[in-house]
Amino acid sequence: MYLPEYCEFLSPVQIASGHHVLEKIPGFLKALNAKRPLILADKGVTAAGLIGIVEDAIKDNVQIGAIDDDVPPDSDLKVVSRLSDVYRKNNCDAIIAVGGGSVLDTAKGLNILVSEDADNLMEFAGANKLKRPLKPFIAIPTTAGTGSELTMAAVIADHDNFIKILFGSRFLLPDIAIIDSRMTLTLPAFFTAATAMDAMTHAVESYICLQKNPLSDAHALSAISLISKNLLNVIRKPDDQEGRLLLAKAATLAGMAFSNSTVGIVHTLGHSVGGVCGVPHGTCMSIFLPYGLEYNYHLVNPFIAELLFPLAGPEVYADTPENKRAEKTIEYIRQLNQDLHDATGGRHARFLSEILNRDGEQMVKKSHFDAIARISIGDGTKFYNPEEIDYDDSMLVLEASWDGRPLNRNLVKKNA
Amino acid sequence: MSRTDYSDFLCPIKFCCGKLALETLPAELRVYNARKPLILFSNKAVINGLIDPVKQAFDDSEMVAGIYDGVPESPTLSTIRELSDIYIKNGHDALIAVGSGSVMNLAKVLNIVVSGEPGDLKTCQGEDKITKPLNPFFVVPEASATGLMANGSACIDNFSFTSRYLIPDYLAIDPRIVQQETVGVIIDAAMRALSSSSFAYTLPDTDYFIDPYAYLAIQTICENLIPVIENADSKKGFKDYLIMNDTEKGKMALVTASVIGGFISFCQPAGIVMRLSEALSEYCQLSSGILAGLLLPYGLEYAMLKEGYQTEKLLLALAGPDVYSRTPENERGKSAMGILRDIQDKLFHLTDGYIPRTLAGAGISENQFSEMIERMSQNDEGIDSKGCLSILNHAREGRPVSDI
Ligand SMILES: [Fe+2]
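Residues numbered from 1 in each chain as written. Chains lettered and ligands numbered in written order. Predicted model: local features only at pLDDT ≥ 70, side-chain atom pairs only at ≥ 80, totals over all residues. Heavy atoms only, no water.

J.: Where do I start with the coordination of the iron ion in this structure?
T.: Metal coordination angles have textbook ideals: 109.5 degrees for a tetrahedral set of four donors and 90 or 180 degrees for an octahedral set of six. Residues and elements named next belong to chain A. Protein ligation of the iron ion involves Asp198 (OD), His202 (NE2), His267 (NE2) and His281 (NE2), the donor distances falling in the range 2.1 to 2.2 Å. For the iron ion, the four donor atoms are set out with angles of 83 to 167° between them, so the coordination reads as irregular. Look at Asp198 and you get buried, because its relative accessible area is 3%. A residue is classified by how much of its surface remains accessible, and His202, at 2% relative accessible area, is buried. (Donors = N, O, S within 2.8 Å, 3.2 Å for Na, K, Ca; no water. Tetrahedral: all angles 85-135°; square planar, octahedral: opposite > 155°, others 65-115°. Buried < 20%, exposed > 50% of the residue type's maximum accessible area, 1.4 Å probe, protein only.)

J.: For this particular structure, what's the right way to read the packing of aromatic side chains?
T.: Aromatic ring pairs are reported here in terms of the distance separating the ring centres and the angle at which the planes meet. In the structure shown here, the tally under the stated rule is 17 aromatic pairs over all chains. Taken together, a centroid distance of 5.6 Å and an interplanar angle of 70° make the contact between B:Phe199 and B:Tyr309 edge-to-face. Taken as a pair, B:Phe199 in helix α7 (residues 183–201) and B:Tyr309 in the loop between α11 (288–307) and α12 (311–326) lie far apart in primary sequence, 110 residues in all. Here B:Phe199 and B:Tyr309 have matching classes, each one buried. In this structure an aromatic cluster arises from ring pairing among A:Phe9, B:Phe9, B:Phe15, B:Phe209, B:Tyr213 and B:Phe263. When the ring centre of A:Phe303 is taken as reference, the NZ or CZ atom of A:Lys212 above it lies at 4.0 Å. Note that A:Arg347 overlies the ring of A:Phe190, its terminal NZ or CZ placed 3.7 Å from the centroid. (Phe/Tyr/Trp six-rings, centres within 6.5 Å; stacked < 30°, edge-to-face > 60°. Helix = DSSP H or I, 4+ residues; strand = E, 2+ residues; numbered from the N terminus. Lys NZ or Arg CZ within 6 Å of the ring centre and 35° of its normal.)

J.: What's the story with the state of the cysteines in this structure? I'm lost.
T.: Two cysteines form a disulfide when their sulfur atoms are joined by a covalent bond. All names here are of chain A. Under the criterion given, the structure shown has zero disulfides over all chains. Not engaged in a disulfide, the cysteine Cys277 finds its nearest cysteine sulfur in Cys284; these two sulfurs lie 8.1 Å apart. Judged by its relative accessible area of 13%, Cys277 is buried. (Disulfide = S-S within 2.5 Å.)

J.: Sorry, what's going on with the domain arrangement of chain B here?
T.: Accessible area lost on assembly of the parts is the figure often given for the size of an interface. All names here are of chain B. Assigned domains within chain B: domain 1 (14–173) and domain 2 (183–397). Centre-to-centre, using C-alpha coordinates, domain 1 lies 29 Å away from domain 2. Counting residues at the interface gives 22 residues for domain 1 and 16 residues for domain 2. At the boundary of domain 1 with domain 2, the tally comes to zero salt bridges. Where domain 1 meets domain 2, there are zero residue pairs in polar contact (both at pLDDT 80 or more). (Domains from an automatic or database assignment. Contact = heavy atoms within 4.5 Å. Salt bridge = Lys/Arg side-chain N within 4 Å of Asp/Glu carboxyl O. Polar contact = N/O pair within 3.5 Å; in protein donor to acceptor, adjacent residues only side chain to side chain.)

J.: Help me understand the domain arrangement of chain A in this model?
T.: Residues and elements named next belong to chain A. Here chain A is described as being made up of domain 1 (14–183) and domain 2 (189–411). At the interface, 14 residues of domain 1 touch 18 residues of domain 2. Together, the buried faces of domain 1 and domain 2 total about 1,300 Å²; carbon and sulfur atoms form 69% of this surface. Among the residues domain 1 hides against domain 2, the three largest losses belong to His19, Ala144 and Leu150. Together they make up 34% of the total. (Buried area = accessible area lost by both parts, 1.4 Å probe.)

J.: Explanation requested: the packing of helix α6 (residues 189–208) of chain A against helix α9 (residues 265–277) of chain A in the structure shown.
T.: Each packed pair of helices is defined by two parameters, the angle between the axes and the distance between the axes. All names here are of chain A. The contact between α6 and α9 brings their axes to 9 Å, and the two run at 140°. When the axes of α6 and α9 are compared, the pair comes out oblique. Contact residues: Asp198, Thr201, His202 and Glu205 in α6; Ile265, Val266 and His267 in α9. Residues that form the contact of α6 with α9 fall into these classes: two nonpolar, three polar and two charged. (Axes fitted to C-alpha atoms, helices over the stretch in contact; angles between N-to-C directions. Parallel < 35°, antiparallel > 145°, perpendicular 65-115°, else oblique. Nonpolar A, V, L, I, M, F, W, Y, C, P; charged D, E, K, R; others polar.)

J.: Is there a simple way to think about the confidence of the model for chain B in this case?
T.: Residue and element names in this part refer to chain B. Confidence in the prediction for chain B averages 89 pLDDT; 94% of positions are at 70 or higher. Across chain B, the element-wise mean pLDDT spans from 42 in strand β11 (residues 241–242) up to 97 in α12. Throughout residues 235–245 the model reports pLDDT below 50, and contacts reaching past four residues in sequence, or to other chains, amount to 29 contacts. (pLDDT = per-residue confidence, 0-100.)

J.: What's the story with helix α9 (residues 248–267) of chain B in this structure? I'm lost.
T.: Each α-helix turn comprises 3.6 residues. Residues three or four places apart therefore point the same way. The end-to-end C-alpha distance of α9(B) is 29 Å, a good match for the 28 Å that 20 residues give at a rise of 1.5 Å each. When you tally the buried positions in α9(B), you get 15 out of 20 residues, the bulk of the element. (Expected span 1.5 Å × (residues − 1).)

J.: Please clarify how the nonpolar core should be interpreted in this entry.
T.: Taken as a class, soluble globular proteins show a tendency for nonpolar side chains to be buried jointly. Formed by 208 residues in total, the largest nonpolar core has its most connected members in A:Phe288, B:Phe15, B:Leu40, B:Leu225 and B:Leu359. Here this core takes 13 residues from helix α10 (residues 281–306) of chain A, the largest share from any one element. Excluding its chain neighbours within four sequence positions, the residues that come into contact with A:Phe288 are A:Val266, A:Leu269, A:Gly270, A:Val273, A:Leu352, A:Val397, A:Leu398 and A:Ser401. One finds A:Leu77, B:Ala34, B:Ala45 and B:Val140 within the second-largest nonpolar core, a separate group that totals 59 residues. (Core = buried A, V, L, I, M, F, W, Y, C linked by side-chain atoms within 4.5 Å.)

Structure follows, in structure tokens:
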């Protein structure tokens, strides 16, 4: 067991999970001394019928203050400010956020304004500016991937000044996360694959990156094993409610792991490819995950080898000689991407040149690489990656992941 | 669909473990906007010299910490009254409890009083009667870490309380504080944690959120308990102090595992082994933790046969993926039980027989079983008398439970 000299672990969000948990929300609100929640979502969530499900599940037992599904994918200060008016006008006393990363981040920002009775969110930007618990806040994730409901951070854009503002405090965390299988039941196959691979990446990176610790490791191993056992089954049989629930639980476990021990190069590059080319986060994660392992191989291959067990199960693990296990782990993840590609009729991209937008056009071009590599150097996640990421390294990984070639590990500069 | 479709999990504690953990206390208090903690030390903590390192951690913090050095082993309501006067008079805004279970217990009750009205002690009695967060409450456990460190229960005189809000906010495990403890106490805490974790980890319907905590506790105890005991100062014998040096990390890990075990037993109803060992401890000199360790394999075998507990899964936590993968599927449960019995056997030898391998060895006679079970079922209607008797009989002779 890996025992660091010093470590910390905190995951204080109450997790209520099952096939019919939404119905328990009125009881949870009551326990939190709240009576009139504002329900927050985006148009996608409404279109998928999820707001209807939430509303039906709770409306008989709690007075809904307002429903607002106008949170854009790149929410900003103005949106948060507008929502604080909605909250106040409707005399709300709690927030229920239904959605993915953007809705969750918006809800966190909103909770600062309404709890601190403030108008200017910028007063609370940065780390640990909040000193006391905020208003009751329930998160209902709808993607089984991002883990935003478990992170103590929120990123909110200021579009007027072209900047992103970071907020960090344990008081931003929701009181309760509701993991209900109905929320992911209708998620399309390729989206299920991408979000699950985001969760997989959270678990894998938390296990190999510098802040790993025994508790985050234990959460990561459980998450990896659950995703590996259930993902392909769910893709092939989308109405498998139990499988969906297990994937959502896995994403929660992965969120608990990485919110404590952070992530590395897969996210570093993923953030910049997302920023430069608008590629969905999960897609970037699936593509870069094997490269992240190859890139750090010389520093952490014993940890990578340990991942073979939760990924591939006891038979493969026993059949693979100890010194081959790390490579087998990487091979296994590549094969998983291939299987997901096949099972989604080719919609799950295996490498960068394969990512297409709705119109069938390539989203990432080789001419983007320079910008991607430059932005990567400034990404906060790079500090927790075992190897020191620089421009050349980023280019090396981008070149290889263009057409799915394995990384030539000899070319990685050994800086760390 | 699984039987227990719904699960509800919460672990509000921030664990902080390792070198200089004490030095994080001031910064963590600031997160809660607390400036003036009252630090409670048990008498034993004072004797063990724990005041100085804790005090020093506040040296550069510009915080004025109040020190109360002498919480008695059995505090009463008048201790609470005295302390709440100090807390309020001096304007404290947080509690830090340093030491063993009794200080933690006292601090929880004190926190109810100082966070609300004096009358709250009456209205907050019982289960889940506390409705909002209390003032910041941090704990710094000694090596005799018991369940009380990380759970939400407390009792004093005739008042008892259970609430998520009694669970500490912050738990700092520092090598300077877990330095010395007797082997008997270490084994008691570890085996108690191993029992609650093993039952939680092998539940017929896996609880995926308790699983990582249970897995870690089992793995840690299995890897570290024997080496730590082997390194104890044998000249002084098991009843005397064990000085920590090269086994420092192992011991830190054990304390962490014991604390996590306490948290797990708060989340899960007490299994048959914990209930039996509590009852048995009144019939002999051994503590309930040590008895739980002895009964554990028998209880698990019984639970596997009766309710489908996944004992095969335990092998992974006890022996790691290599052994687990190499062991044929249908032998994994048996192997796991073998490892548990092996630990018991090693403890027997290492402690010159102080830790018994069988109930017969513990000097408990068969005649006492039925009377004991009778008494148990008077207090606890759900008790499986036949099962209890079977477990006790097998554990008496050291014979695995192979059918029911
Ligand atoms: Fe991610």
